[in-house]
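# An overview of the molecular structure
Each chain, letter by letter, is given below.
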Amino acid sequence: MIKKKKDFTKLPASELQIMQLIWDMNQKGVKDIHAGALLAAYPDEIGHLALTTVLTLISRLQTKGFIRLEKHGRANCAIVIADEDEYKRKAAADFVATVYENNTKGLISALYSDGILSKEDIAELRQEIENDK
């Protein structure tokens, strides 16, 4: 039986997409991150979504504890709570646990055989591992 970590909330693709855009805007120093700002800043990524859909996705992210909302004028602006790197680490661990049944070698082998992981990537990983020793 595969055990899942209870402290990890995996986001559905639509919510993750919005969260990634919020993280991006936050990293760029944008203070007023709200649905309208997201639609204006990322028309190619989410311009096909209705404003109400983006508002719903933002609300879900708040409910799940990834952001909190503050009123700035008339807009509810997102304040990032969840750390992007931490989310990525936990998502990767969850993927390895569920899809590869904790067989990291199998994952790396698949990445290499499909050409996703290059020889240069492997050399860099070896260097990182050696530096950690």
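So, here is what we can say about the structure in this document. (Residues numbered from 1 in each chain as written. Predicted model: local features only at pLDDT ≥ 70, side-chain atom pairs only at ≥ 80, totals over all residues. Heavy atoms only, no water.)

## Remarks on the packing of aromatic side chains
- Inspection of every chain in the model, using the stated rule, returns 4 aromatic pairs.
- Ring centres of F8 and Y87 lie 5.4 Å apart, and the angle between their planes is 40°; on these two criteria the pair is classed as tilted. Separated by 79 residues along the polypeptide, F8 in the segment before α1 (13-27) and Y87 in helix α5 (residues 84-99) bring together distant segments of the chain. Accessibility assignment for this pair places F8 and Y87 in one class, buried.
- Here F66 and Y87 contribute two aromatic rings whose centre-to-centre distance is 5.7 Å and whose plane-to-plane angle is 70°, an arrangement assigned as edge-to-face. One end of the pair, F66, is in the loop between α4 (51-63) and β1 (67-72); the other, Y87, is in helix α5, with 21 residues separating them in the sequence.
- Following the ring pairs from residue to residue traces out a cluster consisting of F8, W23, F66 and Y87. (Phe/Tyr/Trp six-rings, centres within 6.5 Å; stacked < 30°, edge-to-face > 60°. Helix = DSSP H or I, 4+ residues; strand = E, 2+ residues; numbered from the N terminus. Buried < 20%, exposed > 50% of the residue type's maximum accessible area, 1.4 Å probe, protein only.)

## Observations concerning the pattern of salt bridges
- Here the structure, examined in full by the defined rule, presents 6 salt bridges.
- Ionic pairing is found between K88 and E84, a salt bridge with its closest N-O pair at 3.3 Å. You can see K88 and its partner E84 sitting in helix α5, 4 residues apart, about one turn around the helix.
- Here E84 falls in the buried class, since its relative accessible area comes to 14%.
- Salt bridges linked by common partners bring E15, R60 and K64 together as one network. (Salt bridge = Lys/Arg side-chain N within 4 Å of Asp/Glu carboxyl O.)

## Some points on α1
- Between its first and last C-alpha atoms α1 spans 21 Å; for 15 residues at 1.5 Å apiece the expected length is 21 Å, and the two agree.
- All buried positions along α1 are accounted for by E15, I18, M19, L21, I22, W23 and M25.
- Downstream of α1 by one or two residues, G29 has phi in the positive range, about 85°. (Expected span 1.5 Å × (residues − 1).)

## Quick word on the nonpolar core
- Membership of the largest hydrophobic core comes to 24 residues, with the highest contact counts inside it found for I18, M19, I22, L38, I46, V54 and L61.
- Of all elements in the fold, only α1, α2 (35-41) and α4 reach the threshold of two or more residues within this core.
- If we skip the residues at most four places from it in the chain, I22 touches I33, L38, L61, I67, A78 and V80. (Core = buried A, V, L, I, M, F, W, Y, C linked by side-chain atoms within 4.5 Å. Contact = heavy atoms within 4.5 Å.)

## Examining the environment of L117
- Mapped onto the fold, L117 is located in the loop between α6 (104-113) and α7 (119-132).
- Note on L117: relative accessible area 13%, which makes it buried.
- Ignoring anything within four residues of it in the chain, the contact list for L117 reads I108, L111, Y112, I122 and L125.

## Here we look at the pairing of β1
- Here 6 bridges tie β1 to strand β2 (residues 75-80), and the two strands are oriented antiparallel to one another. Paired with I67 across the two strands is V80, which belongs to β2.
- Linking β1 to β2, which pair antiparallel, is a turn of 2 residues; within it G73 sits at a positive phi near 70°. (Pairing = 2+ DSSP bridges.)

The quantities given are spatial measurements derived from coordinates; they are silent on function.
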